[in-house]
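Working through the structure, step by step
One-letter residues, chain by chain:
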Amino acid sequence: MAEQDFIKAGFTVVGTENNENKLLSFLKENYPNVIRDTEINLEELKTVLGLPIDEKVNGYGLNFVGRNFARAKYAQKTEKELRLNNTLSKNIDISTSLNAGTENLVLKGDNLDSLKILKNHYSGKIKCIYIDPPYNTAGDEFVYPDKFDKEEAEVLGLANLSESDFARMDFSFKTKKSHNGWLAFMYPRLLLARDLLNKDGVIFISIDDNEQANLKLLCDDVFGEENFVAQITRATGTPTGGGGAKPIVNEMDYLLVYSKSANLKFSGTPMTEEESAIYDKEDENGIYLIRPLRRTGGEDRREDRPTMFYPLIAPDGTEVYPIAPAGYESRWICGKEKFDELNNSNLIEWKKNGNNEWNVYQKFYLEGRLKQPGNLWVKVEGNKKATRDVRDLFDGIKVFEFPKPIGFISKILQIATDKNDIVLDFFAGSGTTGHAVMQLNAEDGGNRKFILCQIDEPIKEDKPAYKFCVQNNLPPVISSITIERLKRAGEKMAKEETEKKKKKEGELNFDMVAESKAVYNSKKGLDLGFKVFDSIVAPQLKVDETGQISITENDVDALSRIYNMIFTVGLDEPSQVPEEVVKDCIYKIGNNYYITNSEKITSDDYANAIKNGKVFIDGWTASLNGTLQNYKEDVKIVF
């Protein structure tokens, strides 16, 4: 049936309950002078906002051919839905000592569609996004199928574009190394990424010199210039260029970092052995180092902070003031109240110098100390290590060009996530982000979940990856490599976890610990699985030349129809496994019931579901029969 048929019959259809534009309603209620003849008066709006209204002065920002087109693509409803791929999935609902059903997702298909599907449930729920988008190079053949033509313009409501506008767009999007085309491709995807981030979320974007400057301006537009966190420079470990093409060898790429809001907080990273070496003292409380309590460097004079100039009592009872070696009155790094706190916590140390004068120091203990991240990442795993890691998983075969290093992504996760956060990568590539999430969970006992999106980009026949896929009965597309890597990495980690558990069990005397052996063995282990979903064309209504309406259906099983409802309704985690109530018809998560093939169920089935919770009906497989009509007030229709 069609949406309108159900609406006319008095049913509630999910997604059409309230089409009110909240911003427009707010303006009408609070600033009616801004609305003139049902349109926004920009001059009045600028006045309300306190902005200059002289249109002769151009504002600062990024403009590019196709910007409005790309913005409309962001708002356009996707025509795709998901089909659960049981063959490629791993540990969907199997309970073992290492896994109790996976919470990780892999979405195959164009990420523009995948992000729109994710938005219903995951809007405002993703803590960390990492992406390594295709770089804009002269040799790239762009595989993403974004349409920018007259037909698409009419669909998007942009039919007023002139012939010259189309000519410019056509040239921009078909010319290799087009800044306009690349930015128009990235813009809607970044807008969707912003919607998915939670209030203290953060996005990391790898980029090189070709688009770094433009991407910075685009992100200022999407996330807000005030939410720019840093541009991190990363040593790649694989110098390129020089010796002809360019006079300077390139040894770096960049990581742009933006937050969703000012709520962002980063964790520190563990100290390396080299960094720990400077902690050269030890007492009964542990290893530590000392730093002068007197302020050094800039703003170190008494007049800079008068309240931080005061006497301290040395161990022999003498008064000590902060006097610089040059003889002028300096200051301490803190006020007297803070000093007393440090002193009472055994964090002050006194020493005499060569002139038999007392100096005072603050103690910093090593235990539990983390290093604040900087914007120059030199001592991280390089690209060569990343290539070796993937080769090792694939028996020495080079199945992927330019994977990102696990250690590099792990560092991002260490500073940006807590142990139960969701991590998204919508340019998954070889699957490094998913691999890094599982590995970090193994190291710190976390339960981070990953969502990966990867288009089914065909692999060229002359590539080793193509031969690998064919020999292993896999479709010769990049997503096959993504999924196979996750499986192999998970299998390797499962073996390592089993060995560690055996060793720990052997070392534990359960008579001497608080928990029993049964409790110890029942603890949830690593989530090394993932649900794989294929992107397919959703059912559509078609009208033939006689005006007859028909539905074009797709080959989707009942459980996939249920998962699409779960994604659309947005109440339950799509990573959960719905419980089957009536085979191929009714499934539930908690008190939410999802029904497909509703013509096959009885009135009692409806009554039981309605009595126990909220009920959602798959509109594509429903018919307006008498039984369903009886429950129109109690169910919602989902398309």
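Keep in mind it's a predicted model, so treat the numbers as computed, not measured.

Basis of the calculations
- Counting from 1, residues in each chain are numbered in the order their sequence is written.
- A pLDDT threshold of at least 70 governs which residues receive local features in this predicted model, and a stricter bar of 80 or more applies before side-chain atom pairs are shown or counted, although totals over entire chains, interfaces and linings include all residues.
- Based on all heavy atoms of the structure, the side-chain values leave hydrogens and waters out of the count.
- For two strands to be treated as a pair, DSSP must find no fewer than two bridges joining them.
- What counts as a helix is a DSSP run of H or I of at least four residues, what counts as a strand is a run of E of at least two, and both are numbered from the N terminus.
- Whether two residues are in contact is decided by their heavy atoms, any of which lying within 4.5 Å being enough.
- Geometry is summarised by axes, namely lines fitted to C-alpha atoms with helices restricted to the contacting stretch, and by angles between N-to-C directions that run from 0 to 180 degrees.
- To count toward a patch, a residue needs a relative accessible area over 30% and no salt bridge; like charges are then connected within 9 Å, while nonpolar side chains (Val, Leu, Ile, Met, Phe, Trp, Tyr) are connected within 5 Å.
- Under the convention used here, a 1.4 Å probe and the Shrake-Rupley method define accessible areas, while residue burial counts only the protein chains that appear.
- Salt bridges, as used here, are contacts in which a Lys or Arg side-chain nitrogen is within 4 Å of a carboxyl oxygen on Asp or Glu.
- Neither His nor the chain ends contribute to the count of charged residues, in which Lys and Arg are positive and Asp and Glu negative.
- The atom standing in for a charge is NZ when the residue is Lys, CZ when it is Arg, CG when it is Asp and CD when it is Glu.
- Here the term buried applies to any residue with accessible area under 20% of the maximum for its type, exposed to any over 50%, and partly exposed to those in between, with areas from a 1.4 Å probe on protein chains only.
- Confidence scores here are pLDDT values: one per residue, from the predictor, ranging 0 to 100.
- Arc definition: it is the arc formed by the directions from the helix axis to the C-beta atoms.
- Relative orientations are named as follows: roughly parallel for angles under 35 degrees, roughly antiparallel for angles over 145 degrees, roughly perpendicular for angles from 65 to 115 degrees, and oblique for any other angle.
- Left-handed describes a crossing in which the near helix is turned anticlockwise from the far one by less than a right angle; the clockwise case is right-handed.
- Gly falls in the polar group here, along with every residue not listed as nonpolar (Ala, Val, Leu, Ile, Met, Phe, Trp, Tyr, Cys, Pro) or charged (Asp, Glu, Lys, Arg).
- By convention a nonpolar core is built from buried Ala, Val, Leu, Ile, Met, Phe, Trp, Tyr and Cys residues, the set being connected through side-chain atoms within 4.5 Å.
- Whenever two N or O atoms come within 3.5 Å, that pair is a polar contact, provided that in protein one can donate a hydrogen and the other can accept it, and provided that, for residues adjacent in sequence, both atoms are side-chain atoms.

As summarised here, the arrangement of the ten strands in space is β4-β21-β5-β20-β19-β6-β7-β9-β8-β18, forming an open sheet in which the pairing is mixed. Edge strands, defined here as strands with exactly one partner in the open sheet, are β4 (80-84) and β18 (376-377). Here strand β8 (residues 228-240) pairs with strand β9 (residues 250-259) via eight bridges, running antiparallel. Across the sheet, the residue bridging to Phe228 is Tyr258, located in β9. Sitting on the sheet, helix α14 (residues 432-444) touches β6 (126-131), β19 (422-425) and β20 (449-454), and the angle it makes with β20 is about 170°. This element, helix α16 (residues 478-507), spans β5 (105-108), β20 and β21 (531-537) of the sheet and lies at about 160° to β20.

On to the environment of Val581. Looking at where Val581 falls in the secondary structure, it is placed in strand β24 (residues 579-582). Sequence spacing of Val581 and Tyr594 is 13 residues, and the spatial spacing of their C-alpha atoms is 9.7 Å. Here Val581 is in contact with Ile586, Tyr587, Lys588 and Tyr593, once residues within four sequence places are set aside.

A few words on a negative patch on the surface. A cluster of acidic residues, Asp555, Asp557, Glu580 and Asp584, forms a negative patch at the surface. Note that Glu580 resides in strand β24.

So, on to the sheet that holds strand β15 (residues 348-352). Spatial strand order, β11-β12-β16-β15: four strands in an open sheet with antiparallel pairing. A single partner strand is all that each edge strand has here, and the edge strands are β11 (281-283) and β15. Adjacent strand axes in the sheet meet at a mean angle of 45°, parallel and antiparallel pairs treated alike. Here five bridges tie β15 to strand β16 (residues 358-365), and the two strands are oriented antiparallel to one another. Note on β16: the bridge partner recorded for Lys351 is Asn359.

Turning our attention to the pairing of β21. A regular strand places its side chains so that they alternate between the two faces of the sheet. Among the seven residues of β21, five are classified as buried, and the element is accordingly described as predominantly covered. Where β5 lies against β21, four bridges are found, and the strand directions are parallel. Following the sheet pairing, Leu107 is matched in β21 by Phe533.

To continue, consider the confidence of the model for the chain. Overall, the prediction assigns the chain a mean pLDDT of 87, with 85% of residues at 70 or greater. Here residues 94-99 scores under 50 on pLDDT; set against residues more than four positions off or in separate chains, the count is 17 contacts.

With that settled, consider helix α12 (residues 383-393). Taken residue by residue, α12 has Asn383, Ala386, Thr387, Asp389, Val390 and Leu393 as its buried positions. Buried residues along α12 cover an arc of 160° about the axis, so they all sit on one side. Opposite its buried face, α12 presents the exposed residues Lys384 and Asp392, each directed more than 90 degrees away. Of the surrounding elements, those touching the buried residues of α12 are β8, α13 (406-416), α14 and α16.

It is worth spelling out the packing of helix α4 (residues 67-75) against helix α8 (residues 179-196) at this point. Axis separation between α4 and α8 bottoms out at 8 Å; the angle between their running directions is 40°. Comparing the axis directions of α4 and α8 gives the class oblique. Considering the relative orientation of α4 and α8, their crossing is right-handed. Facing Arg67, Ala70, Arg71, Lys73 and Tyr74 of α4, the residues of α8 in contact are Ala184, Tyr187, Pro188, Leu191, Leu192, Arg194 and Asp195. The class makeup of the residues in the contact of α4 with α8 is seven nonpolar, no polar and five charged.

This part covers the environment of Ser267. Within the element layout of this structure, Ser267 appears in the loop between β9 and β10 (269-270). A sequence separation of 103 residues divides Ser267 from Leu370, and the C-alpha atoms of the two residues are 7.9 Å apart. When sequence neighbours within four positions are dropped, the list of residues in contact with Ser267 reads Pro373, Gln414 and Ile415.

Glancing now at the packing of helix α5 (residues 111-122) against α8. Running from amino to carboxyl end, α5 crosses α8 at an angle of 20°, the nearest separation of the two axes being 10 Å. The pairing of α5 with α8 is recorded here as roughly parallel in orientation. Of the two elements, α5 crosses α8, and the hand of that crossing is left-handed. On α8, the residues touching Asn111, Leu112, Leu115, Lys116, Leu118, Lys119 and Tyr122 of α5 are Pro188, Arg189, Leu192, Asp195 and Leu196. Split by residue class, the contact of α5 with α8 holds seven nonpolar, one polar and four charged.

Across all of its chains, the model carries 25 salt bridges by this definition. Ionic pairing is found between Lys80 and Asp113, a salt bridge with its closest N-O pair at 4.0 Å. Placement of the pair is Lys80 in strand β4 and Asp113 in helix α5, with a sequence separation of 33 residues. Since its relative accessible area comes to 29%, Lys80 is described here as partly exposed. Take Asp113: its relative accessible area is 14%, and that puts it in the buried class. Where Asp456 meets Lys108, a salt bridge forms, and the shortest distance between an N and an O atom there is 3.8 Å. Taken together, the residues span a long stretch of sequence, with Asp456 in the loop between β20 and α15 (464-471) and Lys108 in strand β5 at a distance of 348 residues. Owing to a relative accessible area of 8%, Lys108 belongs among the buried residues under this scheme. Each of Glu81, Arg561 and Asp618 takes part in salt bridges that share partners, so that together they form one network.

Okay, the nonpolar core next. Grouped together as the largest cluster of nonpolar side chains are 60 residues, with contacts concentrated most on Leu118, Ile129, Ile131, Leu190, Ile203, Leu424 and Phe426. With eleven residues, the single largest contributor to this core is α8. Apart from the residues within four sequence positions on either side, Leu190 is in contact with Ile131, Ile203, Ile205, Leu215, Leu218, Cys219, Val222 and Phe223. Ile232, Phe400, Phe408 and Ala436 belong to the second-largest nonpolar core, a separate cluster that totals 50 residues.

There is a patch of nonpolar side chains on the surface, built from Leu23, Phe26, Tyr31, Val48 and Leu49 and spanning about 470 Å² of accessible area. Listing elements by their share of the nonpolar patch, those giving two or more residues are α2 (22-30) and α3 (42-49). Within the secondary structure layout, Leu23 lies in helix α2.

As for its position among the elements, Arg561 is in helix α18 (residues 558-569). For Arg561, a relative accessible area of 8% corresponds to the buried category. Here the side chain of Arg561 touches Asp618 through a polar contact of 2.8 Å, side chain to side chain. Apart from the residues lying within four places of it in its own chain, the contact partners of Arg561 are Glu81, Pro539, Asn554, Val556, Thr596, Asp618, Trp620 and Thr621.

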